[in-house]
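One letter stands for each residue in the lines below.
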Amino acid sequence: DVAMCDACARELFDPGDRRFGYPFITCTDCGPRYTVIESLPYDRERTTMRAFTQCPDCAREYRSPGDRRYHSETNSCPRCGPHLWIAQPGERNEAAPPDADTSHALQLAAALLRGGGILAVRGVGGFHLAVDATNDDAVRRLRERKRRDAKPLAVMVRSLRDARAIAAVGPCEAERLLQRERPIVLLDARERSAIAPSVAPGLATLGVMLAYSPLHHLLLAAVDRALVMTSGNRSEEPIAASIPDAIERLSDIADLFLLHDREIVSAVDDSVTRIGGGAPAFVRRARGFAPTSIGLPRAATAPILAVGGQLKSTFTLAAGDDAFVSPHLGDLDSLETLQHFRATLDRYSRLFRIVPQVVARDLHAGYLSSRIADEMDVAQRITVQHHHAHIAAVLGEHQYQGQVIGVSYDGTGAGDDGTAWGAELFVADQGRYERVGHLRPVPLPGGDLAVRTPWRSALGYCSLESGLAVMFSSALNRVPEGERMAAELQIRRRVNAPLASSMGRLFDAAAAVLGVCRVARFEGDAAMRLEALAGTRAAKPLPFPARINDAGRLELDPVPLLVALALGLRRGTPLADLAAAFHESIAVATAAVVMELCTERGITTAALGGGVFQNVRLMQSLSTRLEDAGLRVLRPIALPANDGGLSYGQAVVAAAVLDAHQ
């Protein structure tokens, strides 16, 4: 499931080679593994390649110890390997037609893309939906059919030179783009590139990946332009992998299908990464990286299944020192994703021969993942607080055994006091935590609806002190009167207006107060727009005071910060300056309370986790301030800061709990 190697690339475009133009060329150094393997050990008869009998030439290579294709389990050639063909939407023939012609199929696919059409491509880990990334009409048509209004789309190019033509690529970014796993890398977009505006509307970054399979290289060479390559699904559904599933779900999206008959056992999305402060970080860990084991700092004394959360779902199977984290599975809010979760879990359990005896789940009983855990026949269940799991994930991947001041900045998760948490300061280790600080709680009218309507978060802050409604007029004046009155009533009566200490919702409120985003187009939209506005410009922090509350905990009060943003807007301060000041205010205030807690508790290490720390500016600014103060800072590297790393954190906690009871 990694990139085609240089030797195979030379053969692919060499007219004198017997594999010239063959879309499934592989050797021992490259080609699919996870997506074709059915059981271990990795031998051809236990992969979907057993359906293709090797010709004498390929068999000779496979058996020759001196050949670079010696025991290349996916070895094949045009005479004996998988076939490529074109199909129309609605066609249900799963086998290649007798007259399948690879060159002709590629020509038809390329002509469709150059003409603005949408192509469904069966790749390595499932289907992509592809369009010409320079054709704005084609991109908008794809968005309309895929029901993905504004969430950014990934772009695939052939070479590093092509990537540099559309985005800024420094040494760290180049290294990440070129690594054999070929992830999508979030890059600073060039202002005057050929990429259509609708690819990443309103954002300063562009997700770029290099072609990683022979089929991609051949298609890009035929089209001779960058292509949008987005997951073959409707928004929030699992990626399609089988031909019948793709025909069923994608026929009203794609104009043509480019198919092959090498079956995909494990559907997997592309991995997504970004660079911050010279270091890579995951946004989504999937193809190429999963299911590589991430070690547990304390060996599991019984096999563990950790089921993760509701959003950006993953699970972790752990036994001994090994923790196998699944690829990104999507949000658990549809039957299709739930079925995908169960099927992948069954495959992992068989592949790694792990039958869980202990299951770890989130404190929120309403998550579908929690229901899966509760239905399992196991000896023990361990409940893990959401934000402690984020911190434990960071401790686990760094193999850190001591106490830290954990900063978990996130959306929302169930707290152990019955309120929603999401901006937490912990004294924590792998198995325990003490909540020592947090953001001032605010009512969220509409509950989860506030995630998509940032003005609700602003309205919640209005309720904390009188006179703020006028100050926050930019956030509230355009809200329909009926909706606003209903939300105000929810706050007054405490009906569907849970108290939350969420940093994600503070970003939403700030974006609404500045008029940047009143209604989010997708999760994280408001925060991404603020980060794009802030860029790297310098800024002085605004007031963001901390106090000791009645419970004896440090409480950061964002009301003065939001008021300062509103006043700056009225004075005509540029939005970009205010967005930068907002980020610096959070970094400065957080660093101050972390250093105070470290001094008070005699702790010298801080751990940063939670989805808000996908914000590179905030992560880097806070990390730098803490390191300059002499603290060691642990942050997510091997796993995403968001809920994609949650299941691993749950497994770390569960292993620590089991160890403590030995």
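Residues numbered from 1 in each chain as written. Predicted model: local features only at pLDDT ≥ 70, side-chain atom pairs only at ≥ 80, totals over all residues. Heavy atoms only, no water.

Chemist: Looking at this structure, how should I read the pairing of strand S18 (residues 433-439)?
Modeler: Every other side chain in a regular strand lies on the same face of the sheet, so the side chains alternate between the two faces. S18 sits mainly inside the fold: five of its seven residues count as buried. The pairing of strand S17 (residues 420-428) with S18 spans five bridges and is antiparallel. Its bridge partner lying in S18, Ala428 is registered against Tyr433. Hairpin connection, S17 to S18: the antiparallel pair is bridged by four residues. Judged from the three bridges that link them, S18 and strand S22 (residues 554-556) form a sheet pairing that is parallel. Its bridge partner lying in S22, His438 is registered against Glu555. (Buried < 20%, exposed > 50% of the residue type's maximum accessible area, 1.4 Å probe, protein only. Helix = DSSP H or I, 4+ residues; strand = E, 2+ residues; numbered from the N terminus. Pairing = 2+ DSSP bridges.)

Chemist: Would you explain the packing of aromatic side chains in this entry?
Modeler: For any pair of aromatic rings, the description rests on two quantities: the centre-to-centre distance and the angle between the ring planes. Overall, the coordinates contain 13 aromatic pairs when judged by the stated rule. Note on Tyr34 and Tyr348: the rings are 6.2 Å apart at their centroids and 80 degrees apart in plane angle, and the pair reads as edge-to-face. Here the residue Tyr34 occupies a position in the loop between helix H1 (6-12) and helix H2 (56-63), and Tyr348 occupies one in helix H9 (residues 335-352), the gap between them amounting to 314 residues. Each member of the pair Tyr34 and Tyr348 is classed as buried. Between Tyr409 and Phe613, the aromatic rings sit 5.5 Å apart at their centres with planes inclined by 10 degrees, giving stacked as the arrangement. On the criterion of sequence distance, the pair formed by Tyr409 in strand S16 (residues 404-414) and Phe613 in the loop between strand S23 (605-609) and helix H20 (616-628) is long-range, its members being 204 residues apart. Taken together through their ring pairs, the aromatic side chains of Tyr34, Phe315, Phe324, Phe341, Tyr348 and Phe352 make up a single cluster. Above the plane of the ring of Phe282 lies Arg176, whose end atom (NZ or CZ) is 5.1 Å from the centre. Over the aromatic face of Tyr212 sits the side chain of Arg287, whose NZ or CZ is 3.6 Å from the ring centroid. (Phe/Tyr/Trp six-rings, centres within 6.5 Å; stacked < 30°, edge-to-face > 60°. Lys NZ or Arg CZ within 6 Å of the ring centre and 35° of its normal.)

Chemist: Hey, could you run me through the pairing of strand S7 (residues 205-210) in this one?
Modeler: Of all six residues making up S7, five are buried, and the element is well covered by its neighbours. Pairing between strand S4 (residues 154-157) and S7: four bridges, direction parallel. Residue pairing in the sheet places Met156 in a bridge with Met209 of S7. In this structure, strand S6 (residues 184-189) lies alongside S7, joined through four bridges in antiparallel fashion. Directly across from Val185, in S7, lies its bridge partner Val208.

Chemist: Just checking my understanding: could you explain the pattern of salt bridges for this structure?
Modeler: For the structure on display, the rule yields 40 salt bridges. Between Arg361 and Asp374 there is a salt bridge; the shortest N-O distance is 2.9 Å. With a gap of 13 residues between them, Arg361 in strand S14 (residues 358-362) and Asp374 in helix H10 (residues 368-375) connect regions that are remote in the sequence. On the basis of relative accessibility, which here comes to 36%, the residue Asp374 falls in the partly exposed class. The partner of Asp557 in a salt bridge is Arg440, and the shortest N-O contact between them spans 3.2 Å. Here Asp557 is found in the loop between S22 and helix H18 (559-570), whereas its partner Arg440 is found in the loop between S18 and strand S19 (442-443), with 117 residues between them in sequence. A relative accessible area of 13% means that Asp557 is categorised as buried. Within this structure, Glu11, Arg68 and Arg69 form a network of salt bridges that share partners. (Salt bridge = Lys/Arg side-chain N within 4 Å of Asp/Glu carboxyl O.)

Chemist: What am I meant to see in the side chain of Arg440 here?
Modeler: Here Arg440 falls in the buried class, since its relative accessible area comes to 16%. Among the polar contacts made by the side chain of Arg440, one reaches the side chain of Glu465 at a distance of 3.2 Å. Here the side chain of Arg440 touches Asp557 through a polar contact of 3.2 Å, side chain to side chain. Each residue touching Arg440, except ones within four places of it in the same chain, is listed here: Tyr461, Leu464, Glu465, Ala500, Glu555, Leu556, Asp557, Pro558 and Val559. (Polar contact = N/O pair within 3.5 Å; in protein donor to acceptor, adjacent residues only side chain to side chain. Contact = heavy atoms within 4.5 Å.)

Chemist: Looking at this model, I keep getting lost on the sheet that holds S14. Mind explaining?
Modeler: Hydrogen bonds along the backbone pair up the strands of a sheet, which may run parallel or antiparallel. Pairing in this open sheet of four strands is mixed, and the strands run S13-S12-S14-S15 from one edge to the other. If you trace the sheet from one side to the other, it starts and ends with strand S13 (316-325) and strand S15 (380-384), each paired once. Strand-to-strand, the axes of this sheet are offset by a mean angle of 60 degrees, without reference to chain direction. In the sheet, strand S12 (residues 293-306) pairs with S14 via three bridges, with the strands oriented parallel. Each bridged residue has a counterpart across the sheet, and for Ala306 the counterpart in S14 is Ala360. Relative to S13, H9 is tilted by about 155 degrees, and along the sheet it contacts S12 and S13. (Axes fitted to C-alpha atoms, helices over the stretch in contact; angles between N-to-C directions.)

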